[in-house]
Structure formats: C-alpha cells, structure tokens
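# A structural walkthrough
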Amino acid sequence: MKLRDELPVDHHLATVYRYGAGFCGLVLLLFAALGFADALSPFDTAGDTIAGMTTNVALSVISTVVGLALLVGAAIGGNVASTLNMTIGTLFVLSGFAHVFVLDRPANILDFGMTNVIFSFVMGLLIATFGMYGRVSSKLSHDNPYWRRRHPEQAAREREAAAAPAGPPEARALSARKDTEDADRRRVLD
C-alpha cells in the first residue's frame, strides 16, 4: 500500500495540509525576496535587518528553496504535503537549536540573531502542526484514514457492520438511531 493511497482525494485534511504549506511557503518567499533586495554578499554577517531579522544572500537562497518546496507540496497536496510539512517543520526547529549555539561566533554564516532563532522555532512548529493535523491526535474520527490504518481490526468490523444485510425492523431502527446519534456527536466534536 502506498502512503498516497491512504488519504481520499476529497478528504478535508488535504485542504489543511495544502493551505498550510502554501501559506508558510509564501511567508518564506517574501522573507527571501526582501533579503535579496537588500543585496548583501552571500555570507556577510553585518547586514541590515529584514522584518526584524538579520539576513544575507545565503539565508535568502535557503528560504527560497524551502519556500518553493512548500509551494510544490501545496500544489501536490494530500499526504505529500503533510509529510513535507512535518519534515520541514522538524528541520526548522532543529535549525533553531543549532543556531542558538553559534550566535555571535564565526560559525554563524547565515547571520542568525536571536529573532531568527525564535522565528525558526515558531515557523517550524507552525509548519509541523499543519503537517500533523489529523494524523497524530488520540481522538481521530473513525472515518479518518489514519485512524483506520492504526486500527485495522475495528475498522474492518465497522465496514462489515455497515455492509451487513438488514435484520428485523426493530434492529434496523435501533441501528439507524445509534448511527444518527454517533454522527451528531462527531459533528459537535468537530
């Protein structure tokens, strides 16, 4: 089974992954464009600030590449966007931790300041949250493809119960009422 086949094309989660990747990709491209407009040398560490953060051409190139990758993920959508969001979000958080240790040192070739580190943490958590939405909760609905993947036996029982021929009229009425109550409960929780 391919990961791509797990999520239906019209599932509402695909929209969250797509818009999240697109929004974060556009933010990074905007930051990169402002950095390029400042026209610093590639590894200059004495440049101006852009949107409260320090930057150089190398950081602008990295922001452009990551922003374009997120936009490609948004165009593809589905599990690709979700997985890409989780991966890039994790890399942003790790980058924030790594740059905390190189602040005010010669190894700080991307000219990170504390505001850049905080931005890296916040953006990383935001991107990862968009990617994990609907995948890592303990209260996933039973129609969620990730829940079905984690609980194959119970999902099979529910499919069999739904496909089972109708029994006596009393049992059908009881089953219909229970299904309606379950659907109402899920709608309230959403």
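Residues numbered from 1 in each chain as written. Predicted model: local features only at pLDDT ≥ 70, side-chain atom pairs only at ≥ 80, totals over all residues. Heavy atoms only, no water.

### Remarks on helix H3 (residues 78–100)
If you check H3, its first and last C-alpha atoms are 34 Å apart, about what 23 residues at 1.5 Å a residue would give, namely 33 Å. Within the span of H3, buried status applies to Gly78, Asn79, Ala81, Ser82, Asn85, Ile88, Gly89, Phe92, Val93, Gly96 and His99. (Helix = DSSP H or I, 4+ residues; strand = E, 2+ residues; numbered from the N terminus. Expected span 1.5 Å × (residues − 1). Buried < 20%, exposed > 50% of the residue type's maximum accessible area, 1.4 Å probe, protein only.)

### Thoughts on the confidence of the model for the protein chain
Where the model shows low pLDDT, its predicted coordinates should not be examined in detail. Residues at a pLDDT of 70 or more form 65% of the protein chain, whose mean pLDDT is 76. At the level of individual helices and strands, the protein chain shows its lowest average pLDDT in helix H7 (residues 169–189), which scores 59, and its highest in helix H2 (residues 57–76), which scores 90. (pLDDT = per-residue confidence, 0-100.)

### A word on the packing of aromatic side chains
This model, assessed by the stated rule, comprises two aromatic pairs. Ring centres 4.9 Å apart and planes at 65 degrees place the aromatic pair Phe97 and Phe121 in the edge-to-face group. With Phe97 in helix H3 and Phe121 in helix H4 (residues 114–132), this residue pair connects regions lying 24 residues apart in the sequence. What makes Phe121 partly exposed here is its relative accessible area of 22%. (Phe/Tyr/Trp six-rings, centres within 6.5 Å; stacked < 30°, edge-to-face > 60°.)

### What to know about the layout of surface pockets
Here the second largest pocket is characterised by a volume of approximately 300 Å³. Lining of the second largest pocket is provided by 16 residues; of these, Leu59, Ile62, Phe92, Ser95 and Phe112 occupy positions nearest its centre. Among the elements of the structure, helix H1 (12–38), H2, H3 and H4 are those that each provide at least two residues to the lining of the second largest pocket. When its residues are assigned to classes, the lining of the second largest pocket shows 12 nonpolar, four polar and no charged. (1 Å grid on protein atoms, 1.4 Å probe; cavity = no way out; pocket = protein on both sides within 12 Å on 5 of 7 lines; lining within 4 Å. Points joined across faces, edges and corners; volume = space filled by probe spheres on them. Nonpolar A, V, L, I, M, F, W, Y, C, P; charged D, E, K, R; others polar.)

### Some words on the environment of Leu70
By secondary structure assignment, the location of Leu70 is in helix H2. Note on Leu70: relative accessible area 0%, which makes it buried. Contacts of Leu70, omitting those with residues within four sequence positions, involve Ala21, Gly22, Cys24, Gly25, Leu28, Leu84, Asn85, Ile88 and Ile127. (Contact = heavy atoms within 4.5 Å.)

### Some remarks on the packing of H2 against H3
One way to put it is that H2 packs onto H3 with a least axis distance of 7 Å and a crossing angle of 155 degrees. Viewed along their axes, H2 and H3 adopt a mutual orientation that is roughly antiparallel. Taken as a pair, H2 and H3 cross one another with a handedness that is left-handed. Within the contact between the two elements, H2 uses Val66, Ala69, Leu70, Gly73 and Ile76 and H3 uses Gly78, Val80, Ala81, Leu84, Asn85, Ile88 and Phe92. Here the contact of H2 with H3 is composed, by residue class, of nine nonpolar, three polar and no charged. (Axes fitted to C-alpha atoms, helices over the stretch in contact; angles between N-to-C directions. Parallel < 35°, antiparallel > 145°, perpendicular 65-115°, else oblique. Left-handed = near helix turned anticlockwise from the far one by under 90°.)

### Section: the side chain of Asn116
Mapped onto the elements, Asn116 comes out in helix H4. Residue class for Asn116 comes out buried when judged on its relative accessible area of 3%. Excluding anything up to four places from it in sequence, Asn116 contacts Met53, Thr54, Leu59 and Asp111.

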